[in-house]
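Coordinate inspection notes
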Amino acid sequence: MAALPGSALSRHHHITLCTGDAQEDYTFHTKVLGLKSVKKTLLYDGQVPIYHLYYGNDMGEESSLVTTFPVKHTGAKARRGSGQITYFSLSAPQSSLKFWKERLQQRGIAVQETERLGERCLDFKHPCGIDYSIVGVADDTRAPHSQGPVPRDLMIRGTHSICVSCRELEPMDEFMQRGWGGRRIADDRNYVRYALGRGGSGTYVDFVVEPNLAAGSWTLGEGAVHHMAFQVPDHRAQDAVKGFLEGMGFTDTSDVKDRGYFDSIYVRTPSGALFEATVSHQDGFLCDEAADRLGQEVMVSPQFKDSREALVAQLGVLRN
Ligand SMILES: [Fe+2]
């Protein structure tokens, strides 16, 4: 049976979470985890203004990006469960795990040391309850945020893996290996790992099989991961992904949406988790801010462009 070429989806692009309070989220990512604020903008979908905050390395390169929708002001809460990305992990040097454990604990964050899929992990939570992990990786060559509060040699390199909770693996195994160009590379108890592109940190998609877990919510609600985006090199490859998925029967693969800094298509996978295939714009995050001003001011998405000042006042000015 035909499968999508493994070169189409090369690695993670960004992960997007629905968190709670915007200032709490901003402080957690920039002050505790030491990521750079790469862009402050607003969600492109819907009529209710919601911040879209991007955190990453110096220029916000693909697979360094954690992005959030802080939705506390909407009152919507997520229901955790099956069919969601249940946690995600960040890559940091193996030698930095002791530093990170102490850093998190000193800030009142509970840390659990564990091992999954042969990797040492520090599990902890975002203040809104979303599960994070830092995984020790020996050979991650991605550039970290170099001007933040965490020394460069100890700093997070980017996303490492996501983990989707599913009731059964078979439909998702077919999706990953035929429709998403992945390779099944590891099994550990009820965990299964797939790698994309060249493999390694920043390309992993894990599943935990939990047959008795009730379904989680898919809406924009506080306390859950909303979707995972994967990088495709160009629009031709993106069209090929969409065409291939539609040919498999995934006719709900979305049309291309311009997200200001990249173009995206979305597909609801058989597991329930929402995946995105993303082409970065050539000028990326530099299209509306200079390199030395990245992530400082709020860049307003098109549907709200006439009411910037009022919206920022309503959502709250984010303090560094
Ligand atoms: Fe996205």
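Quick notes on the rules
Residues numbered from 1 in each chain as written. Predicted model: local features only at pLDDT ≥ 70, side-chain atom pairs only at ≥ 80, totals over all residues. Heavy atoms only, no water. Pairing = 2+ DSSP bridges. Helix = DSSP H or I, 4+ residues; strand = E, 2+ residues; numbered from the N terminus. Buried < 20%, exposed > 50% of the residue type's maximum accessible area, 1.4 Å probe, protein only. Contact = heavy atoms within 4.5 Å. Polar contact = N/O pair within 3.5 Å; in protein donor to acceptor, adjacent residues only side chain to side chain. Donors = N, O, S within 2.8 Å, 3.2 Å for Na, K, Ca; no water.

A few words now on the sheet that holds strand S2 (residues 36-42). Spatially, the nine strands line up as an open sheet ordered S14-S15-S16-S13-S1-S4-S3-S2-S17, and their pairing is mixed. Across the chains shown, the open sheet's two edge strands, defined by having one partner strand only, are strand S14 (257-258) and strand S17 (298-299). The sheet contact formed by strand S13 (residues 224-231) and strand S16 (residues 274-280) spans four bridges and is parallel. In the strand pairing of S16, Ala229 is matched with Glu276.

Once that is clear, we can look at the environment of Tyr87. With respect to the element layout, Tyr87 can be found in strand S5 (residues 85-93). The class for Tyr87 is buried, based on a relative accessible area of 11%. In this structure, the C-alpha to C-alpha distance between Tyr87 and Ser161, residues 74 residues apart in sequence, is 8.8 Å. Dropping the residues within four chain positions of it, Tyr87 is found in contact with Arg116, Asp131, Ile162, Cys163 and Tyr191. Separated by 2.9 Å, the side chains of Tyr87 and Arg116 make a polar contact.

When you line up the elements, Ile15 lands in strand S1 (residues 11-19). In the structure, Ile15 is positioned 50 residues away from Leu65 in sequence and 6.6 Å away in space, judged by C-alpha atoms. Setting aside chain neighbours within four positions, we find Ile15 in contact with Leu65, Val66, Thr67, Phe88, Thr159, Ile162, Val225, His227 and Met228.

Glancing now at the coordination of the iron ion. In the first shell of the iron ion, the protein supplies His14 (NE2), His227 (NE2) and Glu276 (OE), at 2.1 Å from the metal. All donors to the iron ion come from one chain, and their sequence spacing reads H-x212-H-x48-E. Highlighted residues: His14 in strand S1 and His227 in strand S13, separated in sequence by 213 residues. Owing to a relative accessible area of 2%, His14 belongs among the buried residues under this scheme. The class of His227 is buried, set by a relative accessible area of 4%.

Worth remembering: the numbers are spatial, not functional.
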